[in-house]
Amino acid sequence: MIIYKQYIPQLIAIFSALVTTYYISSYLQINIIYSSLLASLALYILNRLILKKPNLNAFIYCGSFIGMTTTKVNSYLSFAILSSITTFILTYLLRNKFNGFGGKLGSIAFISSIVSLLLLKAQL
Amino acid sequence: MTIFISLALSIITIALTRYLLIIRKFDAIISSILSSILMIIFIKLIEYFFGLNMNQYLIYIYGASFIGMSTIKILTYQWIYSCAFIFVFFLNQLSLYIEGVGGILGFSAFVSVITIKVIQLTYRKLI
C-alpha cells in the first residue's frame, strides 16, 4: 500500500519534472536554465494548490535538474525512465545523509544522469 | 573580469537565497527558485541599461542558489560565502571535461559546501 501512496507519486514527480524541463527546452527552444526554473515553479505551484504534498517538492526539483541533460541519446524516453528510477533509489539511499547540505539534490541528479547515460552508452 | 562578476553574482545569490530561507521562512526549494528568478531579472536589467551580455552568468546564479539552500546548522553566515570561490573554480574546471549532463551545477555546489564544511570543522579543531 505504501508503494502506491508514497513511492509511485514520488517517481512520477521526478519523471514529470524531467520531461517538462526537456519539453520546454527542446520544443519551445528556451534556455535550459529558464526551462528548469519554469518547470520547477510550475510543478511546485501545481503541487501546492492541487496535490498538496510538500514531500514531492524535492523530487520535482531533482527531476528538473536531470531534464537539463542535453547529451544526445537514442531514446530520451529510456533515459527519462532509467534516470527517474536511479534518482528515486539514490534519494532513498541518501535520505538520512547530507541533510541540510546545499546541492545534494543536484548531486543525486548528476550521478543518476551519468549512470543512465553510461548504461545507454551515450557519448559524454 | 568574468571571474569577478561570476563570484559577485554567486555571493549575492547565496545571500538572497539565505534571506528568503531563513528570514522570510520560505521552503528551501522555493527560496532557490525565487532567488534565481530575482537575480535573472537583475542581470536582465543590467543587460538593458548597460548593453552587456550577461547570459554566461546564468549558470553561476542558478548553482549559487543551491549553496544558499544549506541550513545554518551546516554552514553559518561567516562560512557560506566562501563556497562561492570553490563553486566558481570547480564548475569552470568540471565544465572542461563534462558537458550537457544534468545536475552539474548542483554537484559543483555540493562539492563547494562539503569542502568549506571540512575546512570549518578542521579550523574548529585547531583553535
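Here, the structure is the one placed above.
What comes next is a walk through the structure. (Residues numbered from 1 in each chain as written. Chains lettered and ligands numbered in written order. Predicted model: local features only at pLDDT ≥ 70, side-chain atom pairs only at ≥ 80, totals over all residues. Heavy atoms only, no water.)

This part covers a nonpolar patch on the surface. The grouping of B:Leu38, B:Ile41, B:Leu45, B:Tyr48, B:Phe49, B:Phe50 and B:Leu52 at the surface amounts to a nonpolar patch, some 820 Å² of accessible area in total. Along the chain, B:Ile41 falls in helix α2 (residues 28-50). (Patch = residues over 30% accessible without salt bridge, like charges linked within 9 Å, V, L, I, M, F, W, Y side chains within 5 Å. Areas by Shrake-Rupley, 256 points an atom, 1.4 Å probe, with all protein chains shown as cover. Salt bridge = Lys/Arg side-chain N within 4 Å of Asp/Glu carboxyl O. Helix = DSSP H or I, 4+ residues; strand = E, 2+ residues; numbered from the N terminus.)

Turning next to unusual backbone geometry. Of note in this structure, A:Phe98 is not a glycine but carries a positive phi near 55 degrees. Position of A:Phe98 among the secondary structure elements: in the loop between α4 (76-93) and α5 (104-119). For A:Phe98, a relative accessible area of 38% translates into the label partly exposed. Although it is not a glycine, B:Lys25 sits at a positive phi angle of roughly 60 degrees. (Buried < 20%, exposed > 50% of the residue type's maximum accessible area, 1.4 Å probe, protein only.)

With that settled, the discussion passes to the nonpolar core. Ranked by size, the top nonpolar core spans 67 residues in total, and within it A:Tyr61, A:Phe65, B:Tyr62, B:Phe66, B:Ile67, B:Leu75 and B:Leu105 carry the most contacts. Residues contacting B:Tyr62, with those up to four places away along its chain left out, are A:Ile33, A:Ser36, A:Leu37, A:Ser40, A:Tyr61, A:Ser64, A:Phe65, A:Met68, B:Ser36 and B:Leu105. (Core = buried A, V, L, I, M, F, W, Y, C linked by side-chain atoms within 4.5 Å. Contact = heavy atoms within 4.5 Å.)

All names here are of chain B. One way to put it is that helix α1 (residues 2-23) packs onto helix α5 (residues 83-97) with a least axis distance of 9 Å and a crossing angle of 130 degrees. In terms of their interaxial angle, α1 and α5 are classed as oblique. As α1 packs across α5, the resulting crossing turns out to be right-handed. When α1 is examined against α5, the residues Ile3, Ser6, Leu7, Ser10, Ile11 and Ile14 are found in contact with a partner set consisting of Ala84, Phe85, Phe87, Val88 and Asn92. Taken together, the residues that form the contact of α1 with α5 break down as 8 nonpolar, 3 polar and no charged. (Axes fitted to C-alpha atoms, helices over the stretch in contact; angles between N-to-C directions. Parallel < 35°, antiparallel > 145°, perpendicular 65-115°, else oblique. Left-handed = near helix turned anticlockwise from the far one by under 90°. Nonpolar A, V, L, I, M, F, W, Y, C, P; charged D, E, K, R; others polar.)

In many analyses, interface size is given as the accessible surface area lost on bringing the parts together. At the interface, 34 residues of chain A touch 33 residues of chain B. With both chains or domains summed, chain A and chain B bury close to 2600 Å², and 76% of this area falls on carbon and sulfur atoms. Among the residues chain A hides against chain B, the three largest losses belong to A:Tyr61, A:Phe101 and A:Phe110. Together they make up 24% of the total. Taken together, the links from chain A to chain B amount to 0 salt bridges. At the junction of chain A with chain B, the criterion picks out 9 residue pairs in polar contact (both at pLDDT 80 or more). Those elements that provide at least two residues to the side of chain A that touches chain B are α2 (32-51), α3 (57-66) and α5 of chain A. Split by residue class, the side of chain A that touches chain B holds 18 nonpolar, 15 polar and 1 charged. (Buried area = accessible area lost by both parts, 1.4 Å probe. Polar contact = N/O pair within 3.5 Å; in protein donor to acceptor, adjacent residues only side chain to side chain.)

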